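# Understanding the architecture of this molecule
Take a look at the letters that make up each chain.
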Amino acid sequence: MNKKEEFKDFVSRHPDLINIVRDKSHSWQDLFEVYDLYGNDESLWEKYLKNASGNKTVSDDKMNSLGELTRLFKNVNIDNVQKYIDTAQKAISVIQELTGGGAAGAALSKGPSVSRPINKIFED
């Protein structure tokens with residue numbers, strides 16, 4: 001068995017290493033290099049496994065995500081958002097009037113409501 005296969009077996013025996021990579025504290029390349037140099041020496045891997053198994057649960061991850069969302073929305077100023085929406089609506093209505101897309105543009109492009117005889121031009 002080559003080193004790559006041995007490393008895969010080692011990771012399957014220690015699934016906490018996956019959390020280290022997911023947390024982006026180390027990459028697979030980093031962990032493989034340590035494994036390549038030192039093998040599966042338990043005393044060396046203890047510090048990695050302790051950090052990975054920080055008693056995190058799925059609910060902790062959900063709470064972290066919820067905390068990030070809360071922090072994101074705390075920084076949003078609702079008044080500024082409303083101003084931007086109002087400005088965008090005004091711009092859209094102006095563009096619709098200019099291109100004939102709105103109700104006012106439809107009335108202008110429709111033409112006269114009563115058909116006129118051809119020979120009557122200036123209300124003769």
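About the criteria used
- Residues numbered from 1 in each chain as written.
- Predicted model: local features only at pLDDT ≥ 70, side-chain atom pairs only at ≥ 80, totals over all residues.
- Heavy atoms only, no water.
- Helix = DSSP H or I, 4+ residues; strand = E, 2+ residues; numbered from the N terminus.
- Buried < 20%, exposed > 50% of the residue type's maximum accessible area, 1.4 Å probe, protein only.
- Phe/Tyr/Trp six-rings, centres within 6.5 Å; stacked < 30°, edge-to-face > 60°.
- Axes fitted to C-alpha atoms, helices over the stretch in contact; angles between N-to-C directions.
- Parallel < 35°, antiparallel > 145°, perpendicular 65-115°, else oblique.
- Contact = heavy atoms within 4.5 Å.
- Nonpolar A, V, L, I, M, F, W, Y, C, P; charged D, E, K, R; others polar.
- Patch = residues over 30% accessible without salt bridge, like charges linked within 9 Å, V, L, I, M, F, W, Y side chains within 5 Å.
- Areas by Shrake-Rupley, 256 points an atom, 1.4 Å probe, with all protein chains shown as cover.
- Salt bridge = Lys/Arg side-chain N within 4 Å of Asp/Glu carboxyl O.
- Arc of directions from axis to C-beta.
- pLDDT = per-residue confidence, 0-100.

## A few points about the overall build of the protein
When helices and strands are counted, the protein shows seven helices and zero strands. Counting helices and strands in the order they occur from the N terminus, the protein gives α-α-α-α-α-α-α. For the protein, with 124 residues in total, the buried portion stands at 14%.

## Brief notes about the packing of aromatic side chains
Each aromatic ring pair is specified by the distance between its two centres and by the angle formed by the two planes. What the rule picks out here adds up to four aromatic pairs. Ring geometry for F7 versus F32: centroids 5.4 Å apart, planes at 80°, classification edge-to-face. A residue pair is termed long-range when its members are at least 10 positions apart, and F7 in helix α1 (residues 3-13) and F32 in helix α3 (residues 28-38) qualify at 25 residues. Residue F32 is classed as partly exposed on the basis of its relative accessible area of 23%. Considering the side-chain rings of F10 and Y35, the 5.2 Å spacing of their centres and the 35° angle between planes classify their relative orientation as tilted. Taken together, the residues F10 in helix α1 and Y35 in helix α3 connect sequence positions 25 residues apart. Each member of the pair, F10 as well as Y35, is classed as buried. A network of ring pairs unites the aromatic residues F7, F10, W28, F32 and Y35 as a single cluster.

## Quick notes on the packing of α1 against α3
Between α1 and α3, the least distance of the axes is 10 Å, while the angle of their chain directions is 105°. By the angle between their axes, α1 is roughly perpendicular relative to α3. Contacts from K3, K4, E6, F7, F10 and V11 of α1 reach α3 at W28, L31, F32, Y35 and D36. Here the residues of the contact of α1 with α3 are counted per class, giving seven nonpolar, no polar and four charged.

## Considering a nonpolar patch on the surface
Together, L69, L72, F73, V76, I78, V81 and I85 give the surface a local cluster of nonpolar side chains, amounting to about 650 Å² of exposed area. When contributions to the nonpolar patch are tallied by element, the ones reaching two or more residues are α5 (58-74) and α6 (78-99). Inspection of the secondary structure assignment puts I85 in helix α6.

## What about α1?
Three or four residues apart is the spacing at which side chains of an α-helix point the same way, because the helix has 3.6 residues per turn. For α1, the complete set of buried residues consists of F7, F10 and V11. All buried residues of α1 project into a common sector of 100° when viewed along the axis, lining one side.

## Some words on the side chain of H14
Mapped onto the fold, H14 is located in the loop between α1 and α2 (16-22). H14 has contacts with E42 and L49, leaving out every residue within four places of it along the chain.

## Quick look at the confidence of the model for the protein
For the protein, the mean per-residue pLDDT works out to 75, and 69% of the residues sit at or above 70. Averaged pLDDT values over the elements of the protein bottom out at 52 in helix α7 (residues 103-110) and peak at 89 in α6.

## Concerning the environment of L31
Of note, L31 is situated in helix α3. Taking relative accessible area as the criterion, L31 reaches 0% and is therefore assigned buried. Considered as a pair, L31 and V11 are 20 residues apart in the sequence and their alpha carbons are 9.7 Å apart. In this structure, L31 is in contact with F7, L17, V21, H26, W45 and Y48, ignoring residues within four places of it in sequence.

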